[in-house]
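# An overview of the molecular structure
Here are the chains, one letter per residue:
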Amino acid sequence: MATRIILDCDPGIDDALAIAFAHGHPGIDLVGITTVAGNVGLAKTTANALAVCEYVGAAGTPVTPGCAGPLLRPAQDARQVHGESGLGGAVLPAPAGSPAPGHAIEYITETVRAAPGEITLVATGPLTNIALAVKREPRLADWVREFVIMGGSAGRGNVTPAAEYNIWADPEAAAAVFRAGWTVVVLGLDVTLRTGAIPAVLARMRELGPLGTELLLPALDQYKSVSEPSGPPPQAARPAAPVHDVCAVAWVAAPELFGLVPARVQVETAGQLTAGMTVTDFEAPGFDAGNARVAMSIDVDGFWELTLGTYQRVAAAMGR
Ligand code: RIB
Ligand code: CA
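This one's a predicted model, so the numbers in the text were calculated from it and none came from an experiment. (Residues numbered from 1 in each chain as written. Chains lettered and ligands numbered in written order. Predicted model: local features only at pLDDT ≥ 70, side-chain atom pairs only at ≥ 80, totals over all residues. Heavy atoms only, no water.)

## With respect to the pairing of strand β4 (residues 119-123)
Both faces of the sheet carry side chains from a regular strand, because those side chains alternate between them. Burial within β4 is extensive, with five of its five residues counted as buried. Residues I119, L121 and A123 of β4 are buried on one face, and the alternating residues T120 and V122, pointing to the opposite face, are buried as well. Bridge count between strand β1 (residues 3-9) and β4: five bridges; the pairing is parallel. Opposite L7, over in β4, you have V122 as the bridge partner. Inspection of the sheet shows β4 paired to strand β5 (residues 146-150) by four bridges, in the parallel sense. (Buried < 20%, exposed > 50% of the residue type's maximum accessible area, 1.4 Å probe, protein only. Helix = DSSP H or I, 4+ residues; strand = E, 2+ residues; numbered from the N terminus. Pairing = 2+ DSSP bridges.)

## Focus: the pattern of salt bridges
Overall, the coordinates contain 12 salt bridges when judged by the stated rule. Two residues, R136 and E106, come together in a salt bridge whose shortest N-O distance is 3.5 Å. Of this pair, R136 sits in helix α5 (residues 128-136) while E106 sits in helix α4 (residues 104-113); the two residues are 30 residues apart in sequence, bridging distant segments of the chain. Here E146 ties to R293 by a salt bridge, and the two come within 3.3 Å at their closest N and O atoms. Taken together, the positions of E146 in strand β5 and R293 in strand β9 (residues 292-298) put the pair 147 residues apart, joining distant regions of the chain. Since its relative accessible area comes to 30%, R293 is described here as partly exposed. Via salt bridges that share partners, E106, E110, R113, R136, E137 and R139 belong to a single interconnected network. (Salt bridge = Lys/Arg side-chain N within 4 Å of Asp/Glu carboxyl O.)

## Re the coordination of the calcium ion (ligand 2)
With distances of 2.2 to 2.6 Å, the protein atoms coordinating the calcium ion (ligand 2) are D10 (OD), D15 (OD), D15 (OD), T124 (O) and D245 (OD). Between consecutive donor residues of the calcium ion (ligand 2), the sequence gaps follow D-x4-D-x108-T-x120-D. You can see D15 sitting in helix α1 (residues 13-24) and its partner T124 sitting in the loop between β4 and α5, a full 109 residues away along the chain. Each member of the pair, D15 together with T124, is buried. (Donors = N, O, S within 2.8 Å, 3.2 Å for Na, K, Ca; no water.)

In structure tokens form, the structure reads like this:
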């Protein structure tokens, strides 16, 4: 029985690769997508989600737009990483379809309410939609089957030395999400930075026909060319682009590839230098139930075998 998911995202290069994975993996039923401002503005994240769905063969997946900016802070996009379009060097046909009516918050709460215990909520962008959904309907925290994010880090950040982009972009939303009462499955930089698409991976993507040459490779080529400001100096372009968001949907499909550790995660919102830091206490659960299970290990070879095998399925079904 496939796991039914809603994917809340900000496509975004790795969000696009996560959509392709979610569509292609037989163990995942991509029920719907909701979009949020993040890597690029809401209009672009929404258009990108529609375009990627149509391109990979998932046309008809409802894409419902959400928040156009963070709860309190000004929006800060990541065009310097994902390019003006948000899909790096990938140029896909403009979507024929339109966004679904309504707002992401209602879509999330009503879809999960209608199927308590059945829907896994996955978020791979800033947590603005999620924070407002669970504020509007606190029982969401009980109704979801699982709540999985790509975000945060028990160690270094990637936007500042302390903070990872999805959390940094809307720390107030992230803080509210971690206080909502559910146990968050956290795929943070501790594991996602190990998923760089190395040349051997890129070579296998090149064998995937148009999926590889028109989407995966041109998208990653842009991603690869950006160094991360908070990495070890001197800043050199990263050797390979980490496909952060794919880890969130890969966990849904194959949790055995990851090692999770119980923790209490709290989000810094007041720090001048540390805003958006996910302060991760691995000792807390001994005293009070933690609010997270944080991925601290990954079978990288197994991850790429799974991911490339899933993309092979997508490519075959595209039949081009
Ligand atoms: O830090 C990586 C995260 O920020 C990914 O979700 C990427 O898409 C960007 O949103
Ligand atoms: Ca993202």
